[in-house]
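Residue-level structure breakdown
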Amino acid sequence: MFGGLAVAGNLLCIAFTTSRGHLYLVDLDEQRLVSHWTWEGQDGNGDAGGVSIDRDHTIWVADQRNHCVRRFSPFGRSLQVLGGDLEQSPGSVRSDRPGVLNRPRDVLVDGETVFVACGERWLRCGVQCFDRSGSVMSPLRSLGDIEGRFGAPRGLALSKAGLFVADTQHGIVQRFRRDGTFLGRIEVSTDGEHIARPVSVLADDRGSILVADDGDEPGIRHVPLDRGVRDVELPSELGTVVALAGDLHEAFYALDGDHGAVHRFVPGTDGRPQHDELIFDLEEFG
């Protein structure tokens, strides 16, 4: 189950997978579709994972099936491809090295740097780094250890508080400085007993995070700085959340991977996010 969300101004980008990769651009003010396109690899298939909108409003999307990250113009013109040349079987020793995109799940562009979360297994190079031209940079180090391995990370987020990695198999969120310095781990489980599987993370500038959890107790967790982990109350019609994104008004958006729908949440009076409305249904557009 794949998908991604990104917001830039009043523009929401939705990445979704059928047999091909799909990208939808939605005007949030008018809640209307602005643009939609698809792509596929050489075998006729493509995945749409996490997505990021850069300062030039070009769109980067992770394509797990084809081991690459694709960059498009807002009108769907292909501009660039990172990776795509993985010849060894996923998880092999030769594929766990800087610059190799092994089943990428998410992408995040920060100025001149492109971060890519990779893997279905444990990888030392599970979060790869490039410059915008595609030149390889040093990967992040899991838990700050040069031999540490990420557990199939599926989500990346950035704020003034740092770079956050949803480390799915570890069941935690790892926090780094922009330069890759490890800052600490954030627990996601509400009680320390149920296994968490974070698949997407969203951070504010104070360091509080929201996490989509696909573990023993699926849902969205709100993790304020000093208050512990709290559940976000979800509407009954919302299925498995595969991606989160936030806007400038402190609202956030959740992509329902089961139904291909995007829901909006807004700040509640108690500081906890509350459901606002269903804003977009991909089934209406095929």
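This one's a predicted model, so the numbers in the text were calculated from it and none came from an experiment. (Residues numbered from 1 in each chain as written. Predicted model: local features only at pLDDT ≥ 70, side-chain atom pairs only at ≥ 80, totals over all residues. Heavy atoms only, no water.)

For the coordinates displayed, the defined rule picks out zero disulfides. Cys 118 carries a free sulfur, and the closest cysteine sulfur to it, the one in Cys 125, is 9.0 Å from it. A relative accessible area of 1% places Cys 118 in the buried class. (Disulfide = S-S within 2.5 Å. Buried < 20%, exposed > 50% of the residue type's maximum accessible area, 1.4 Å probe, protein only.)

Using the criterion set out here, one finds 16 salt bridges in the structure. Two residues, Arg 71 and Asp 54, come together in a salt bridge whose shortest N-O distance is 3.9 Å. On the criterion of sequence distance, the pair formed by Arg 71 in strand β7 (residues 68-72) and Asp 54 in the loop between β5 (51-53) and β6 (59-63) is long-range, its members being 17 residues apart. Here the two residues Arg 71 and Asp 54 agree in accessibility, since each one is buried. Between Glu 187 and Arg 185 there is a salt bridge, and its shortest N-O distance comes to 3.2 Å. What makes Glu 187 partly exposed here is its relative accessible area of 44%. When salt bridges with common partners are traced through the structure, they connect Asp 54, Asp 56, Arg 71 and Arg 132 into a single cluster. (Salt bridge = Lys/Arg side-chain N within 4 Å of Asp/Glu carboxyl O. Helix = DSSP H or I, 4+ residues; strand = E, 2+ residues; numbered from the N terminus.)

Here we take up the sheet that holds strand β22 (residues 230-231). Taken in spatial order, the four strands make up an open sheet running β19-β20-β21-β22, and their pairing is antiparallel. The open sheet is flanked by β19 (198-203) and β22, the only strands paired with a single partner. Two strands pair when backbone bridges link them, and strand β21 (residues 219-223) and β22 are joined in this way by two bridges, in the antiparallel orientation. Paired with Arg 221 across the two strands is Asp 231, which belongs to β22. (Pairing = 2+ DSSP bridges.)

So, on to the environment of Gly 76. Tracing the chain through its elements places Gly 76 in the loop between β7 and β8 (78-83). With 39 residues separating them along the chain, Gly 76 and Trp 37 place their C-alpha atoms 6.0 Å apart.

Once that is clear, we can look at the sheet that holds strand β17 (residues 172-176). Spatial strand order, β15-β16-β17-β18: four strands in an open sheet with antiparallel pairing. The two strands at the open ends of the sheet, each matched to only one other strand, are β15 (155-159) and β18 (182-187). Averaged over all pairs of adjacent strands, the angle between their axes in this sheet comes to 20°, without regard to strand direction. Pairing of strand β16 (residues 162-167) with β17, which is carried by five bridges, proceeds in the antiparallel orientation. Bridge pairing in β17 places Ala 166 opposite Val 173. (Axes fitted to C-alpha atoms, helices over the stretch in contact; angles between N-to-C directions.)

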